[in-house]
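# An overview of the molecular structure
Here is what each chain is made of, one letter per residue.
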Amino acid sequence: NAGVTQTPKFRVLKTGQSMTLLCAQDMNHEYMYWYRQDPGMGLRLIHYSVGEGTTAKGEVPDGYNVSRLKKQNFLLGLESAAPSQTSVYFCASSYSKVGVKDTQYFGPGTRLTVL
Amino acid sequence: GEDVEQSLFLSVREGDSSVINCTYTDSSSTYLYWYKQEPGAGLQLLTYIFSNMDMKQDQRLTVLLNKKDKHLSLRIADTQTGDSAIYFCAERGYGQNFVFGPGTRLSVLP
């Protein structure tokens, strides 16, 4: 049982390049989330998914796209990277978001630098 | 919109108690959480409290909730060097997404 995994762990991009971050979970969770973490700002929700084939916008969705083609995977895409997207990206999953114990399980993060 | 605030830094000596404070604005918050993030790792749930409780104790951890003032605190008794980490306060309403605070970096001095 690996929990939530993310690939890659580190990446450096040039402005305008594209990339996809992969998140995978093996807990059969319905809900998956992508956050970015910036110093002094906590975690901000980019996009989330409430089930296979569904996605929804979070607090800071601009410049990102997501897809949830399989229940266990949630992909975050940057079509044209900008320096403002330099951040640490965390994926999380949860069984639901209804009960108090339906907390989120986090991956180890992806550190992205855009030059 | 909802907002969660925390002080950014806290230093304590090993063996002392640490108290990390958090305030939130959403009066409909139903669940409040404390997460711990160690260097290079994701967030791990430490403890949570339901909004109709005012205290919860779990070994060295004590969570106090003042719903009237929208104030949440985490007390760590007998703080150890292994407690050095960033601690995030988070809240959510029933069926809503999480809102995280900026995190408090706890440094434990020998």
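Predicted, not measured: the structure shown is a model, and the values here were computed from it. (Residues numbered from 1 in each chain as written. Chains lettered and ligands numbered in written order. Predicted model: local features only at pLDDT ≥ 70, side-chain atom pairs only at ≥ 80, totals over all residues. Heavy atoms only, no water.)

### Points about the interface of chain A and chain B
To be explicit about the condition: Should any heavy atoms of two residues lie within 4.5 Å, those residues are considered in contact. The quantity reported as buried area is the accessible area (1.4 Å probe) lost by two parts once they are put together, taken as the sum for both. Within this document, salt bridges are pairs made up of a side-chain nitrogen of Lys or Arg and a carboxyl oxygen of Asp or Glu, the two lying within 4 Å of each other. Under the rule applied, a polar contact is a pair of N or O atoms within 3.5 Å (in protein, one hydrogen donor and one hydrogen acceptor; residues adjacent in sequence only if both atoms are side-chain atoms). Only runs of H or I of at least four residues qualify as helices and only runs of E of at least two qualify as strands under DSSP, and these elements are numbered from the N terminus. Polar here means any residue outside two lists: the nonpolar Ala, Val, Leu, Ile, Met, Phe, Trp, Tyr, Cys and Pro, and the charged Asp, Glu, Lys and Arg; Gly therefore counts as polar.
At the junction of the two partners, chain A supplies 21 residues and chain B supplies 21 residues. Each partner contributes to the roughly 1,700 Å² buried at the junction of chain A and chain B, and carbon and sulfur atoms together form 57% of this total. Where chain A touches chain B, the interface holds zero salt bridges. Counting across the chain A and chain B interface gives two residue pairs in polar contact (both at pLDDT 80 or more). Breaking the side of chain A that touches chain B down by element, the ones donating at least two residues are strand E4 (31-38) and strand E5 (42-49) of chain A. If one sorts the elements of the side of chain A that touches chain B by residue count, E5 of chain A sits on top with four residues. Class assignment of the residues belonging to the side of chain A that touches chain B gives a composition of eleven nonpolar, seven polar and three charged.

### Focus on the pattern of salt bridges
Going by this rule: Type-normalised accessible area, obtained with a 1.4 Å probe on protein chains alone, sets the label of each residue: buried when under 20%, exposed when over 50%, and partly exposed for intermediate values.
What the rule picks out here adds up to six salt bridges over all chains. For the salt bridge of Asp 38 of chain A with Arg 44 of chain A, the shortest nitrogen-to-oxygen distance reads 2.9 Å. Here the two residues Asp 38 of chain A and Arg 44 of chain A agree in accessibility, since each one is buried. Here Glu 38 of chain B makes a salt bridge to Lys 36 of chain B, at a shortest N to O gap of 3.2 Å. Residue class for Glu 38 of chain B comes out partly exposed when judged on its relative accessible area of 36%. Among the ionic contacts, a cluster of salt bridges with common partners joins Arg 36, Asp 38 and Arg 44 of chain A.

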